[in-house]
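Below, each chain spelled out in residue letters.
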Amino acid sequence: MRILIIRHGDPDYTNDTLTEKGVREAELLCNRLANEKIDYVYCSPLGRARKTCEIATKGKNLEAEIVPWLKEFGYSVQLPTGEKHIIWDLLPAMREQYPDLAINKSWLSVPFIKNSPVPERYAELKDGLDKLLNNHGYAREGAHYRVERANRDTIAFFCHFGVEAMILSHFLNVAPDALLHGFIALPTSVTTLYTEERRKSVAVLRCCEFGDTAHLYSGNEEPSFSGRFCEVFDSDERKD
């Protein structure tokens, strides 16, 4: 089985839709996906993801299923200083102070994570993912999936960067910190995973492409800055 995780186009957050640039990005994504075999589509309920999905799957005769747990993982944590930060926006000093954030079996026990909505929402996301994969023939069993119906289907998720990082965290059995803060999937980027069944009926998921935006370059469309922070501090780029 193949899984595509696709981030929405350049966002108009105020109106929860796409900017003009985002629409162009989604149209280029549509060109990319035109010859792709996609069997099932699942989409976040948020407008920017739905608009991207609508444009990108045009002509495929596919009806997207709206999945509540694919909405952005934009939950805040309250730091010991009293500051509030979204889970995907922790500053380096805080992450250095709490090294358990980088450990898969420990990060949910960090006090400011434990006392936030994150554990419950993460559990809902994992449960939703596992139920969905079970419907496609792969049942979660510890850190792998038991293959009940092997297949070469392709399923596509249209969603958001924060939730993409949390999905990868569960699929790859790693703490999300490095994914949230060390990687960025830019608008309309495509992340590709495959199941690998090296032992009969035992499958793991492996990422073979992360955040691919080749379709934008082929259309002479510069990738959006959305999700990044300033490259140098004395600049007009986003700092907060």
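You'll find the structure just up there.
Cut-off values and rules
- Residues numbered from 1 in each chain as written.
- Predicted model: local features only at pLDDT ≥ 70, side-chain atom pairs only at ≥ 80, totals over all residues.
- Heavy atoms only, no water.
- Helix = DSSP H or I, 4+ residues; strand = E, 2+ residues; numbered from the N terminus.
- Rg over C-alpha atoms; globule rule 2.2 N^0.38 Å.
- Buried < 20%, exposed > 50% of the residue type's maximum accessible area, 1.4 Å probe, protein only.
- Contact = heavy atoms within 4.5 Å.
- Areas by Shrake-Rupley, 256 points an atom, 1.4 Å probe, with all protein chains shown as cover.
- Lys, Arg positive; Asp, Glu negative; His and termini not counted.
- Charge placed at Lys NZ, Arg CZ, Asp CG, Glu CD.
- Disulfide = S-S within 2.5 Å.
- Expected span 1.5 Å × (residues − 1).
- Pairing = 2+ DSSP bridges.
- Salt bridge = Lys/Arg side-chain N within 4 Å of Asp/Glu carboxyl O.
- Phe/Tyr/Trp six-rings, centres within 6.5 Å; stacked < 30°, edge-to-face > 60°.
- Lys NZ or Arg CZ within 6 Å of the ring centre and 35° of its normal.
- Axes fitted to C-alpha atoms, helices over the stretch in contact; angles between N-to-C directions.
- Parallel < 35°, antiparallel > 145°, perpendicular 65-115°, else oblique.
- Left-handed = near helix turned anticlockwise from the far one by under 90°.
- Nonpolar A, V, L, I, M, F, W, Y, C, P; charged D, E, K, R; others polar.

## Points about the overall build of the chain
Part 1: If you tally the helices and strands in the chain, you get eight helices and twelve strands.
Part 2: Relative to a compact globule of 240 residues, whose C-alpha radius of gyration would be 18 Å, the chain shows 18 Å and is just as compact.
Part 3: Within the chain, the proportion of its 240 residues that are buried is 48%.
Part 4: Across the chain, the fraction of contacts at a sequence separation of at least 24, relative to all contacts at a separation of at least 6, is 63%.
Part 5: Summed over all atoms, the accessible surface of the chain reaches about 12,300 Å², with 48% contributed by carbon and sulfur.
Part 6: Taking the average place of the 30 positive charges on the side chains of the chain and the average place of its 36 negative ones, the gap between the two points comes to 6 Å.

## Concerning the state of the cysteines
Part 1: With the rule as written, the count across this model stands at zero disulfides.
Part 2: Cys208 supplies the cysteine sulfur nearest to Cys207, a cysteine that is in no disulfide, at a spacing of 6.5 Å.

## Remarks on helix H5 (residues 118-135)
One turn of an α-helix holds 3.6 residues; hence residues three or four places apart share an orientation.
Part 1: The end-to-end C-alpha distance of H5 is 26 Å, a good match for the 26 Å that 18 residues give at a rise of 1.5 Å each.
Part 2: Among all positions in H5, only Val118, Arg121, Tyr122, Leu125, Gly128, Leu129, Asp130, Leu132 and Leu133 are buried.

## Quick word on the sheet that holds strand E10 (residues 154-159)
Part 1: Spatially, eight strands are ordered E5-E4-E10-E1-E11-E12-E9-E8 in an open sheet, and the strand pairing comes out mixed. Only two strands of the sheet have a single neighbouring strand rather than two, namely strand E5 (65-66) and strand E8 (138-141).
Part 2: One ladder, built from six bridges, connects strand E1 (residues 2-7) with E10; its direction is parallel. Looking at the pairing, Ile6 lines up with Phe158 of E10.

## Here's the deal with the pattern of salt bridges
Working definition: two side chains of opposite charge can pair if their charged atoms are close together.
Part 1: Tallied over the full model, the rule gives 16 salt bridges.
Part 2: A salt bridge links Lys21 to Glu25; the nearest nitrogen and oxygen atoms lie 3.7 Å apart. Taken together, the residues Lys21 and Glu25, both in helix H1 (residues 20-33) and four residues apart, mark about one turn of the helix.
Part 3: Between Glu221 and Lys21 there is a salt bridge, with its nearest N and O atoms 2.7 Å apart. Of this pair, Glu221 sits in the segment after helix H8 (214-218) while Lys21 sits in helix H1, and the two are 200 residues apart along the sequence.
Part 4: One continuous salt-bridge network, built from bridges that share partners, spans Lys21, Arg24, Glu25 and Glu221.

## As for the packing of aromatic side chains
Part 1: Within this structure, the stated rule accounts for seven aromatic pairs.
Part 2: A ring pair is formed by Phe73 and Tyr75, whose centres lie 5.0 Å apart and whose planes are at 90 degrees; its orientation type is edge-to-face.
Part 3: The buried category is assigned to Phe73, whose relative accessible area is 3%.
Part 4: Ring-pair connections join several aromatic residues into one group, and the members of that group are Tyr42, Trp69 and Phe157.
Part 5: Here the basic side chain of Arg121 rests over the ring of Tyr75, its NZ or CZ set 6.0 Å away from the ring centre.

## Examining the environment of Asp240
Part 1: Checked against the element boundaries, Asp240 lands in the segment after H8.
Part 2: Classification of Asp240 as exposed rests on a relative accessible area of 73%.

## Overview of unusual backbone geometry
Part 1: Its identity as a non-glycine residue notwithstanding, Asn61 has a phi of 55 degrees, on the positive side.
Part 2: Looking at where Asn61 falls in the secondary structure, it is placed in the loop between helix H2 (47-56) and E5.
Part 3: Positive phi, close to 70 degrees, is recorded for Ser201, a residue that is not glycine.
Part 4: Its place among the elements puts Ser201 in the loop between strand E11 (190-199) and strand E12 (202-212).
Part 5: Residue Ser201 is classed as partly exposed on the basis of its relative accessible area of 26%.

## Comments concerning the packing of H5 against helix H6 (residues 161-172)
Part 1: Here H5 crosses H6 at 65 degrees, and the two axes come no closer than 10 Å. The orientation of H5 with respect to H6, classified from their angle, is roughly perpendicular. The chirality of how H5 crosses H6 is right-handed. Of the residues in H6, those in contact with Tyr122, Leu125, Lys126, Leu129, Asp130 and Leu133 of H5 are Val163, Met166, Ile167, Ser169, His170 and Phe171.
Part 2: When its residues are assigned to classes, the contact of H5 with H6 shows eight nonpolar, two polar and two charged.

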